Amino acid sequence: MESCSMVVSSTLAIFLVLHLGLIPIMAQQIQLQIGVAGQAVLLNCGSITDKKEVTWKYNNLLIRQYGDSYLKGKATMTNRTEIDRRSKHLKVIDLKLSDAGTYTCEYDSQVVGISLHVFQLTISSDGRFLANEVPELTLTQSSSHSLLDLTITVSDSNKNTVRSTPSENTTRQKYILKLKQLEVTDSGTWMCHVHSDSPLINQSIPFDVKVLGFQNPNLERKYVTADSTVILSWLLNFQKIKWKEDFTGQLNWKQHGNATTHELLDFSITARGEQQEIKKSSHFGSEIPESKPEGTIQVELPKVHFNHSGQYKCELAYKGRYVQSRIDLVVMKVSASHVGPLPRGAEMTLTCQVSGPLPSNAHLLWERANGTQMDIKKSKQHEVKVKVSAAGLWYCHLIEDNDKKISLHYPVEETPAWNSYVAIGASVGGSVLTLGLVCLCIISSIRRQRRRQQRKRMAQAKQHLLENKTCQCQR
């Protein structure tokens with residue numbers, strides 16, 4: 001009996017000790033808090049009065065103690081922490097992935113446990129891109145407990161959901177997503193939305209995207225008439241997006257095909273937005289306009305000719321990466337097979353030409369002012385001809401998608417009727433004059449011939465007289 005009672009007493013004692021030992025553990029409340037690397041997080045210690053003394057620890061290492069005594073521990077983040085005097089919450093500044101773990105806030109007999117889960121979001125190229133590039137987004141998570149199963153969605157600066165493709169290197173700790181090809185309109189603040197069902201987490205992390213490029217389209221076709229003055233312009237967006245990095249660029253020209261490329265100018269933009277341009281070639285008299293809008297690259301072509309057509313390409317360069325915008329210049333001219341007024345009954349050919357092949361959605365068209373359907377002539381080739389036999393005003397149009405891009409006119413004039421009479425009179429008069437001259441020449445020739453014959457007869461008579469006198473003297 002005595003031994004039995006001792007066993008029961010010992011069991012009760014052990015149970016009591018275990019029960020008393022579990023009290024602090026049961027009193028500890030574990031909370032989950034989310035932090036984002038690079039930002040600050042406020043760890044909540046619960047409701048504490050001003051006079052309470054509080055001790056903050058990280059994985060049982062002292063961070064800071066606040067109250068009657070002020071102690072500073074040796075935890076790795078200690079120098080980036082501060083305790084709020086009123087709430088006793090712990091603020092961790094410039095959070096790092098390594099700061100994830102278990103934090104405890106101790107006051108009186110209370111212990112509040114906080115499991116800090118840290119997300120780190122990084123974007124390729126530090127968020128600075130050229131148009132048409134594809135950014136890569138990386139979300140890394142760190143925790144002292146098991147990693148969360150996350151769902152990630154991304155929205156752009158216009159709050160539109162962006163389709164993303166997981167990389168082959170994606171793991172549960174590190175999610176790597178390839179986003180869409182960027183346009184210049186995509187600059188702004190984007191949002192990465194992180195979701196977990198268990199435990200329930202909905203965290204949005206903002207990140208900045210800046211896309212440097214042209215506000216022109218990548219390819220533009222510009223139609224002009226021969227002998228006109230043309231200004232080609234490219235509008236850069238570096239001021240609009242507040243780009244703070246140096247970059248350079250150049251403007252080149254070449255005719256279609258494998259023609260030689262000519263560098264027209266170099267330019268550079270500083271981090272302060274200062275723009276400098278250097279003219280490299282005076283090919284066909286191209287000029288840099290003296291006054292132009294800020295943030296634009298321009299070249300002026302005075303009195304543009306047919307051989308000035310071709311590809312004008314403006315290119316930006318930033319850290320070994322490039323983006324370009326091209327303007328295809330197409331020149332149109334009209335000509336006639338006959339210069340001057342059209343004689344009555346005659347015919348001339350009018351030709352309308354462009355300097356290069358037309359796109360599939362464009363064509364050339366001749367039409368006569370106040371003419372009929374019979375006067376219209378179309379062609380999808382680079383030239384169109386029409387035969388003209390009467391006076392009138394003719395127009396050549398370059399039409400693209402039913403839109404008249406450019407037009408030239410050619411007036412055809414007939415020779416006036418009095419001109420014909422003058423010509424006939426001049427012809428008849430000329431004939432009469434010629435006949436008169438011929439007659440005059442004949443008469444003059446006959447007269448000369450008669451004079452020669454008369455002089456010859458007189459000479460013969462004189463000779464005969466001399467011969468007669470000689471004979472009489474001899475007798």
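Source: prediction; values computed, not measured.

**Side note on the sheet that holds strand E7 (residues 90-92)**
- Pairing within the open sheet is antiparallel, and its 3 strands lie in the order E2-E7-E6. At either margin of the open sheet sits one strand with a lone partner, and together these are strand E2 (41-43) and strand E6 (81-83). In this sheet, adjacent strand axes meet at a mean angle of 20° when their direction is disregarded.

**Digging into unusual backbone geometry**
- Residue Pro199 is bonded to the preceding Ser198 through a cis peptide linkage, with omega at -5°.
- Within the secondary structure layout, Pro199 lies in the loop between strand E16 (188-196) and strand E17 (201-212).
- With a phi angle near 65°, Lys88 is a residue other than glycine that sits in the positive phi range.
- Secondary-structure assignment places Lys88 in the loop between E6 and E7.
- Accessibility expressed as a relative area gives 0% for Lys88, which makes it buried.

**Quick notes on the environment of Thr171**
- Among the secondary structure elements, Thr171 is positioned in the loop between strand E14 (165-166) and strand E15 (174-178).
- For Thr171, a relative accessible area of 42% corresponds to the partly exposed category.
- For the pair Thr171 and Thr140, spaced 31 residues apart in the sequence, the C-alpha separation amounts to 9.2 Å.

Parameters and conventions
Residues numbered from 1 in each chain as written. Predicted model: local features only at pLDDT ≥ 70, side-chain atom pairs only at ≥ 80, totals over all residues. Heavy atoms only, no water. Pairing = 2+ DSSP bridges. Helix = DSSP H or I, 4+ residues; strand = E, 2+ residues; numbered from the N terminus. Axes fitted to C-alpha atoms, helices over the stretch in contact; angles between N-to-C directions. Buried < 20%, exposed > 50% of the residue type's maximum accessible area, 1.4 Å probe, protein only.

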